Amino acid sequence: MADLRDEKLSVYDLEQDAASRAESGAASVHGEERKSPRWLKTLLSWGVEERGTVPVPSEQRTDRQFYKVFFVWFSMNFNILSFSAGALGPVVFGLNLRDSCLVILFFNLIACALPAYFNTWGPRTGMRQMVLSRYSFGYYGLMIPAILNLIGLCGFNILNSILGGQALASVSNDRMSWTVGIVIIAVVALVVSFMGYKVLNWYERLSWPPVLLAFVVALGVGGKHLYNAPSFSGEPASAASILSFASVIAGFVITFSAMASDFTMYYEPTVSSHKIFWYSYLGYVVPIIVLECLGAAAVMASPNVPSWNEGYGTAGNIGGLLDAMLSPLGGFGKFLTVMLSLSVTANIACTLYSMCFNFQVLVPSFSRVPRYVFSIIGTAISLPLSIIGAHRFYTTLTDFLSLIGYWASAYGAILIVEHHCFRKGDFHSYDQSAWNSPSRLPWGAAAIAAGVLSFGLVIPCMQQAWFEGPIGTKTGDIGFEVAFPLAGMLYFPLRKLELKYQKLH
């Protein structure tokens, strides 16, 4: 009953956007309040969240169900994309099971701390993550991170849609095309994202138990075959292979930093930061580490199990592999495969939700457009790209996860240096009234320059299929490891210089 009462207290905040309309000038015409159209009132009565980038005042941050952030991140990552990311260790980088699992374990334990930390900023400031970033990158400078983040979020939606579509097609014994499966997954996720914060949190709390059941049953049925996965190989893994796989693993999780506070900004501002951090951190590390290790073991065992090998195929069909693992159960196995295919909708829905705010900070006039419209636009962008890229999954996944890790690492370092070195860790220094006023925000020149200059060393440290830097060729891909400290060190003197010449109003 207490949970239900707390949720009802939050409804007032979550289902209106008066501040957005005031900002856009739509709240009044010649001093008179404009009446909301009937269709908008209907949507709001259904629980649709309209609030966009406008910060939530402290008196309206009343949500006390802090555990919900655990389920948001847990459900987002407890899916077949995490399973497939782990498979990259043996499939792409030639690592054995032991080395793959060690990389997965240690690099996730480190990388998950960054987005978990940014989750703690939401209750203190009441701001979306991209809006918070304006206090480092500036009003106009933030457009560059917004573009990069939009590309990253769209990329995640593409990968998830491909995997979900593959799994649905496998259930029908490929009588359903991957394209149809991708469309079904995209539509389900769009509906959840369209509704907004309240429904999104409800869905994330309910979506993981069927997925857990499916993976537990798959282990129970096919676990004996995992012993066939070679844990060790005759030759030790090279440093280049380990670090390149680590770059992919880190890229998978640190990009959540650019959307972290989107899901905590409604929480009561007095909540312990430690509580939010640990809820978030465990929501990342538990599903990601478990499923990535399971994915690595399954693909290594598949050549020794004819049905698994046939399901996986030469195209690396993760959905087909999972369907084969559950095939001994007949119709119930097909049902569980459908549950696994739908697991990606929890990730896509949250990603679409955050994409809305990136559109609005990229083009500030878009703040006049209701948030949910951009869920539709985001789906319209990612859906055709998912269909086109469906048959190049592993190449797409490897290149994408490595690339997005570079900028997200630099982004995180810049925000941390700004917060601790220039704002002394004081959240009151983030003046809510300045969020949409360019003259009261930093120029952003220091943040942009630090990010760009850091790539002077990041690029030589890259090792991609389409480019290998002179350092990366010898060490493996260490771009994200270099980007974080270098961007932070560059930002400090550049921000000092910026403050010397900028007079904030």
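Residues numbered from 1 in each chain as written. Predicted model: local features only at pLDDT ≥ 70, side-chain atom pairs only at ≥ 80, totals over all residues. Heavy atoms only, no water.

K.L.:
I'd love a proper account of the overall build of the chain, names of residues and values included.
P.N.:
Counting its secondary structure elements, the chain contains 23 helices and two strands. With 505 residues in all, the chain has 60% of them scored as buried. By sequence separation, contacts in the chain at least 24 residues apart represent 85% of the contacts at least 6 residues apart. Accessible area of the chain: about 19,500 Å², with a carbon and sulfur share of 68%. (Helix = DSSP H or I, 4+ residues; strand = E, 2+ residues; numbered from the N terminus. Buried < 20%, exposed > 50% of the residue type's maximum accessible area, 1.4 Å probe, protein only. Contact = heavy atoms within 4.5 Å. Areas by Shrake-Rupley, 256 points an atom, 1.4 Å probe, with all protein chains shown as cover.)

K.L.:
An account of helix H10 (residues 143-171) is requested, with residue identities and associated values reported.
P.N.:
A rise of 1.5 Å per residue sets the reference length of H10, with its 29 residues, at 42 Å; its end C-alpha atoms lie 42 Å apart and thus fit the reference within 8%. Among the 29 residues in H10, 24 count as buried, and that is most of the element. Backbone geometry just after H10 places Asn-173 at a positive phi near 55°. (Expected span 1.5 Å × (residues − 1).)

K.L.:
How would you summarise the packing of aromatic side chains if you had to cite specific residues and measurements?
P.N.:
If you walk through the whole model with that rule in mind, you get 39 aromatic pairs. Geometrically, the ring pair formed by Phe-70 and Phe-71 is edge-to-face, given 5.2 Å between the ring centres and 75° between the ring planes. One exposure class covers both Phe-70 and Phe-71, and it is buried. Relative to Tyr-353, the ring of Phe-263 lies with its centre 5.6 Å away and its plane at 35°, an arrangement referred to as tilted. Linking Phe-263 in the loop between helix H13 (239-254) and helix H14 (273-301) with Tyr-353 in helix H18 (residues 344-362), this pair joins segments that are 90 residues apart in sequence. (Phe/Tyr/Trp six-rings, centres within 6.5 Å; stacked < 30°, edge-to-face > 60°.)

K.L.:
Could you give an account of empty space enclosed by the protein, with specific residues and numbers?
P.N.:
Tallying each qualifying case throughout the model produces one cavity of 30 Å³ or more. Taken together, Met-76, Leu-148, Asn-149, Gly-152, Leu-153, Phe-156, Thr-255, Phe-256, Met-259, Asn-347, Thr-351 and Trp-407 form the lining of the largest cavity. Within the residue set of the lining of the largest cavity, elements represented by two or more residues are H10 and H18. Ranked by residues supplied to the lining of the largest cavity, first place goes to H10 with five residues. Of the residues in the lining of the largest cavity, the class split is seven nonpolar, five polar and no charged. (1 Å grid on protein atoms, 1.4 Å probe; cavity = no way out; pocket = protein on both sides within 12 Å on 5 of 7 lines; lining within 4 Å. Points joined across faces, edges and corners; volume = space filled by probe spheres on them. Nonpolar A, V, L, I, M, F, W, Y, C, P; charged D, E, K, R; others polar.)

K.L.:
Which residues make up the environment of Asn-436, and what values go with them?
P.N.:
Structurally, the position occupied by Asn-436 is in the loop between helix H20 (393-422) and helix H21 (445-458). Given the relative accessible area of 24%, Asn-436 is considered partly exposed. Sequence separation between Asn-436 and Arg-134 is 302 residues, and the spatial gap between their C-alpha atoms is 8.8 Å. At 3.2 Å, the side chain of Asn-436 and the side chain of Arg-134 are in polar contact. (Polar contact = N/O pair within 3.5 Å; in protein donor to acceptor, adjacent residues only side chain to side chain.)

K.L.:
Please provide a residue-by-residue account of the packing of H13 against H14, values included.
P.N.:
As a packed pair, H13 and H14 sit with axes 12 Å apart at the nearest point and diverge in direction by 145°. Between H13 and H14 lies a crossing whose hand is right-handed. Mapping the contact onto sequence places Ile-249, Phe-252 and Val-253 in H13 and Tyr-284, Ile-288 and Glu-292 in H14. Across the contact of H13 with H14, the residue classes break down as five nonpolar, no polar and one charged. (Axes fitted to C-alpha atoms, helices over the stretch in contact; angles between N-to-C directions. Left-handed = near helix turned anticlockwise from the far one by under 90°.)

Function cannot be inferred from these measures alone, as they are strictly geometric.
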